[in-house]
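If you want the building blocks of each chain, they are given just below.
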Amino acid sequence: MASRVRAHPWPVIALVAVLVGATSACVRVRPRQRERLAHPAMQAPVWPAVDRADNHVFIVREGSEGAAGAGGGGCGCN
Amino acid sequence: MRLYVDDDHVTVVSPAVAATAEADDATSLTIDATADAISSASIDVLTSASPIEVSELRVEAGARVARAVGRRLELRGQGRGSHEADYAAWRLGGGAGVELADRNLSLDLDYQLGLDRAGDATDATFSRRRTEHAVTLAASQVLDPRTVLDGIVEARRADGYHASPYRRVPVVDPAWPLPTWVDEVTPEVRTSVAALVRARRALGAAWFVAASQRLYVDDWDVTSHTTIVDVRHQPGEGWLLGATARGYVQDGAAFYRRAYEVGDDGALPVERTRDRTLGPMRSAFASLTVDRTLWRGDALDPAGGVHLVVAAGALAWWFPDAALQARRLALVTTASLVQAF
């Protein structure tokens with residue numbers, strides 16, 4: 001029988017709770033306040049070619065895929 | 001250009017090219033192509049090493065078109081194809097993105113259809129198909145002038161052949177001195193959900209950090225967690241440095257066994273695999289990236305001009321169930337020249 005590696009869902013549950021709480025509490029940021037948000041280092045992904053290459057390795061070498069983080073990169077910063 | 005080498009004598013050299021053109025003020029077209037030149041010591045190195053030397057070429061190409069509708073809505077579609085001697089894959093998809101709340105909230109919904117055909121380099125008559133549907137919902141919320149929060153949920157259902165014709169599974173019968181080697185058999189349907197939460201924050205004028213946590217579950221009982229922390233630093237004009245740390249832990253599929261035995265009635269296990277990526281595993285990845293602006297076209301656009309981006313990463317896997325090769329190491333290096341207008 002295979003030994004089992006235990007993986008608990010609490011980290012994601014905690015982060016979702018933070019997300020919901022933070023979203024409900026956030027303020028509207030005006031265009032002139034977006035200088036830091038518009039910096040290339042704040043984009044997701046910062047370097048798409050590197051991200052694609054690394055994710056390809058992860059998909060091939062691991063048993064799960066999806067929601068890898070390349071999506072959802074918008075923030076109205078452009 | 002990407003170079004992958006690991007300690008099982010696998011080398012993958014992957015030249016790639018991508019270009020984006022603006023057809024008009026509202027429409028952009030992106031095309032890309034890449035090739036993987038693979039040389040290895042086995043057909044399926046990670047999962048069932050054999051002494052056979054393999055050289056293989058995989059070619060992949062894709063196109064994506066996006067069109068802005070009004071000021072806040074984007075529609076997009078994309079297609080992608082991948083071909084190698086014994087495997088072909090097609091991906092077709094489309095989606096929409098909208099910005100709300102004075103551009104403080106963006107929502108994206110995408111669908112992708114996947115069509116795969118697996119062949120066997122040693123048997124021209126072998127052909128198995130798999131169809132995949134994936135739906136992704138993503139949201140990004142600006143929290144303050146320095147912080148963005150992202151949430152992504154992706155649901156996926158794959159129907160068809162998931163096994164490999166090259167993987168033969170040893171099944172032990174206590175009445176026989178040697179195991180019987182049989183075909184790999186896995187369930188026909190795999191349904192999964194992955195969810196990611198990520199925070200991006202600017203720290204001061206030159207430091208940036210992003211952290212994400214992903215949970216994956218599927219009906220094969222595979223559960224995984226992925227934690228990623230990215231730190232970016234701009235030490236001066238024309239330089240951007242990045243460091244990434246990634247940890248991954250995975251629980252094995254319900255039917256995965258370190259070793260299979262025939263049942264009391266002499267029957268073979270209905271589902272059996274020798275794919276170590278379906279067993280319990282952990283991995284750790286760390287990388288450094290250097291982005292050097294060689295030429296800046298527009299002084300107001302820090303992402304414009306010509307950039308040289310070099311990234312080097314080390315990846316290690318641990319397989320607690322494996323008697324042999326319980327730890328594996330790989331190096332991944334990417335160098336790219338990016339010209340933005």
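Residues numbered from 1 in each chain as written. Chains lettered and ligands numbered in written order. Predicted model: local features only at pLDDT ≥ 70, side-chain atom pairs only at ≥ 80, totals over all residues.

A. Up close: the overall build of chain B. Scanning chain B for helices and strands turns up zero helices and 20 strands. Considering only C-alpha atoms, chain B reaches an extent of 75 × 35 × 35 Å along its principal axes. For chain B, with 341 residues in total, the buried portion stands at 29%. (Helix = DSSP H or I, 4+ residues; strand = E, 2+ residues; numbered from the N terminus. Buried ≥ 20, exposed ≤ 12 C-beta atoms within 10 Å, placed from the backbone.)

B. View of the nonpolar core. With 24 residues, the main nonpolar core has A41, M42, W47 and V50 of chain A together with V142, V148 and V332 of chain B as its most contacted residues. Looking at this core, the elements with two or more residues in it are helix 2 (48-61) of chain A together with strand 9 (123-144), strand 10 (147-160), strand 19 (305-318) and strand 20 (327-340) of chain B. Other than its neighbours up to four places away in sequence, V332 of chain B contacts A53, D54 and V57 of chain A together with R2, Y4, G313 and L315 of chain B. By size, the runner-up hydrophobic cluster in this structure holds 11 residues, among which are A67 of chain A together with A194, L215 and Y216 of chain B. (Core = buried A, V, L, I, M, F, W, Y, C linked by C-beta atoms within 7 Å. Contact = placed C-beta atoms within 7 Å.)

C. Structural detail: the sheet that holds strand 11 (residues 168-172) of chain B. All names here are of chain B. Taken in spatial order, the three strands of this open sheet run 12-11-17, and their pairing is mixed. Each having just a single partner strand, strand 12 (180-183) and strand 17 (260-261) make up the two edges of the open sheet. Bridge analysis of strand 11 against strand 12 gives four bridges, and the strand direction is antiparallel. For P170, the partnering residue across the bridge sits in strand 12 and is W181. (Pairing = 2+ DSSP bridges.)

D. Structural context of the interface of chain B and chain A. On the chain A side, the residues contacting the 81 residues of chain B number 46 residues. Broken down by class, the residue content of the side of chain B that touches chain A amounts to 36 nonpolar, 24 polar and 21 charged. (Nonpolar A, V, L, I, M, F, W, Y, C, P; charged D, E, K, R; others polar.)

E. Structural detail: helix 2 of chain A. An ideal rise of 1.5 Å per residue puts 20 Å on 14 residues; helix 2 of chain A measures up with 20 Å between its terminal C-alpha atoms. Turning to helix 2 of chain A, its buried residues are A49, V50, A53, D54 and R61 of chain A. Down the axis of helix 2 of chain A, the buried set is contained in an arc of 130°. They therefore lie on one face. Taken together, the buried residues of helix 2 of chain A touch strand 1 (2-6), strand 3 (16-22), strand 18 (281-295), strand 19 and strand 20 of chain B. (Expected span 1.5 Å × (residues − 1). Arc of directions from axis to C-beta.)

F. Quick look at the pairing of strand 19 of chain B. Sheet analysis places strand 18 of chain B next to strand 19 of chain B, joined by 13 bridges and oriented antiparallel. Within strand 19 of chain B, the residue paired with L288 of chain B across the bridge is A312 of chain B.

G. Structural view of the confidence of the model for chain B. On average, residues of chain B carry a pLDDT of 90, and 94% of them reach 70 or more. The ipTM assigned to the predicted complex is 0.90, against a pTM of 0.88. (pLDDT = per-residue confidence, 0-100.)

H. Geometry of unusual backbone geometry. Omega for the bond connecting A44 of chain A with P45 of chain A falls within 30 degrees of zero, at 0°, which places this linkage in the cis form. Of note, the phi angle at A67 of chain A is positive, near 50°, even though the residue is not glycine. You can see A67 of chain A is positioned in the segment after helix 2. Phi is positive for D221 of chain B, close to 75°, though the residue is something other than glycine. Inspection of the secondary structure assignment puts D221 of chain B in the loop between strand 14 (207-218) and strand 15 (223-233).

I. Representation of the pairing of strand 4 (residues 27-40) of chain B. Residue and element names in this part refer to chain B. As defined by bridge partners, strand 2 (residues 11-14) adjoins strand 4 across three bridges and the pair is classed as antiparallel. Considered in strand 4, the bridge of V12 is made with I38. In the sheet, strand 3 pairs with strand 4 via seven bridges, with the strands oriented antiparallel. Across the sheet, the residue bridging to A21 is L29, located in strand 4.

J. Region of interest: the confidence of the model for chain A. On average, residues of chain A score 72 in pLDDT, and 53% of them reach the 70 mark or higher. Ignoring residues within four places in sequence, the model shows residues 71-78 of chain A, a span with pLDDT below 50, making 37 contacts including any to other chains.

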